[in-house]
Amino acid sequence: MDVGTVGGIIGGVIGLAGGAVGTYASIKNTGGPRERHFMVRAAIAAWVGIMLFLVLLFVLPSPYRWLIWIPYGLALPLAIVSLNRKQQAIRSDEERTRQS
């Protein structure tokens, strides 16, 4: 094994660990049951989407593996903004029902 392979493996493990910690923190820091349910679903969708992207990077032939970055690069920020807005709406709604 060369240094690049070892670095790739270590980097992948650190990346997965960071994703797992971030997912745990996002779910743990929710304010209510509806928001928690939404975050669990969003986390599952994000993990599946990112895993699908990575699998496609490994299995697609060379010109297409580069083109897969275009929809990923567009979909990821749009999904983040959309999910953040939805989470904020759920959080606001849960606060309103708590105050009532």
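Placed above this text is the structure.
Starting afresh in each chain, residues are numbered from 1 along the sequence in its written order. Local features in this predicted model are restricted to residues of pLDDT 70 or higher, and side-chain atom pairs are both shown and tallied only at a pLDDT of 80 or more, whereas totals for entire chains, interfaces and linings draw on every residue. With hydrogens and water excluded, all non-hydrogen atoms of the structure serve as input to the side-chain values.

Quick word on the pattern of salt bridges
The term salt bridge refers to a side-chain nitrogen of Lys or Arg lying within 4 Å of a carboxyl oxygen of Asp or Glu. Here the structure, examined in full by the defined rule, presents three salt bridges. Here Arg34 and Asp93 are joined by a salt bridge, their closest N and O atoms 2.5 Å apart. Of this pair, Arg34 sits in helix α2 (residues 33-59) while Asp93 sits in helix α4 (residues 69-99); the two residues are 59 residues apart in sequence, bridging distant segments of the chain. Classification of residues uses two cut-offs on accessible area relative to the type maximum, computed with a 1.4 Å probe and protein chains only: under 20% is buried, over 50% is exposed, and between them is partly exposed. Classification of Arg34 by relative accessible area gives partly exposed; the value is 41%. One salt bridge connects Arg96 with Asp93, and the closest N-O pair in it is separated by 3.6 Å. Of this pair, Arg96 and Asp93 both sit in helix α4, three residues apart, roughly one helical turn. Salt bridges sharing common partners tie together Arg34, Asp93 and Arg96. Numbering of helices and strands runs from the N terminus; a helix is a DSSP stretch of H or I covering at least four residues, while a strand is a stretch of E covering at least two.

Things to note about the environment of Gly31
With respect to the secondary-structure elements, Gly31 resides in the loop between α1 (3-28) and α2. For the pair Gly31 and Ala43, spaced twelve residues apart in sequence, the C-alpha to C-alpha distance is 16 Å. Note on definitions: a residue-residue contact is assigned when non-hydrogen atoms from the two residues lie within 4.5 Å. With sequence-adjacent residues up to four places away left out, Gly31 is seen in contact with Glu94 and Arg98.

Regarding the packing of aromatic side chains
Aromatic ring pairs are reported here in terms of the distance separating the ring centres and the angle at which the planes meet. What counts as a ring pair is set by centres within 6.5 Å for rings of Phe, Tyr and Trp (its six-membered ring), and what kind of pair is set by the plane angle: stacked under 30 degrees, edge-to-face over 60, tilted for all other angles. This structure, assessed with the given rule, holds three aromatic pairs. Ring centres 4.9 Å apart and planes at 80° place the aromatic pair Phe53 and Trp69 in the edge-to-face group. With Phe53 in helix α2 and Trp69 in helix α4, the pair connects residues that are 16 residues apart, well separated along the chain. Look at Trp69 and you get partly exposed, because its relative accessible area is 41%. Ring geometry for Trp69 versus Tyr72: centroids 6.0 Å apart, planes at 85°, classification edge-to-face. On the criterion of helical spacing, the pair formed by Trp69 and Tyr72 is a turn pair, its members being three residues apart in helix α4. Residue classification places Tyr72 among the partly exposed positions, given a relative accessible area of 21%. One aromatic cluster in this structure is built from Phe53, Trp69 and Tyr72.

A word on the side chain of Glu35
One can find Glu35 in helix α2. Those residues in contact with Glu35 that lie beyond four places of it in its chain are Thr30, Gln87, Ile90, Arg91 and Glu94.

Things to note about α2
The length a helix should cover is 1.5 Å for every residue beyond the first. For α2, which comprises 27 residues, the first-to-last C-alpha distance of 39 Å matches the rise-based estimate of 39 Å (1.5 Å per residue) to within 8%. Listing the buried residues of α2 in full gives Glu35, Phe38, Met39, Ala42, Ala43, Phe53 and Leu57. The inward-facing, buried residues of α2 contact α1, α3 (62-67) and α4.

Topic: α4
Note: α-helices contain 3.6 residues per turn, so residues at a spacing of three or four share the same orientation. Taking 1.5 Å of rise per residue, 31 residues should cover 45 Å, and α4 covers 45 Å from first to last C-alpha, within 8% of that figure. For α4, every residue scored as buried is listed here: Gln87, Ile90 and Glu94. Buried residues along α4 sit against α2.

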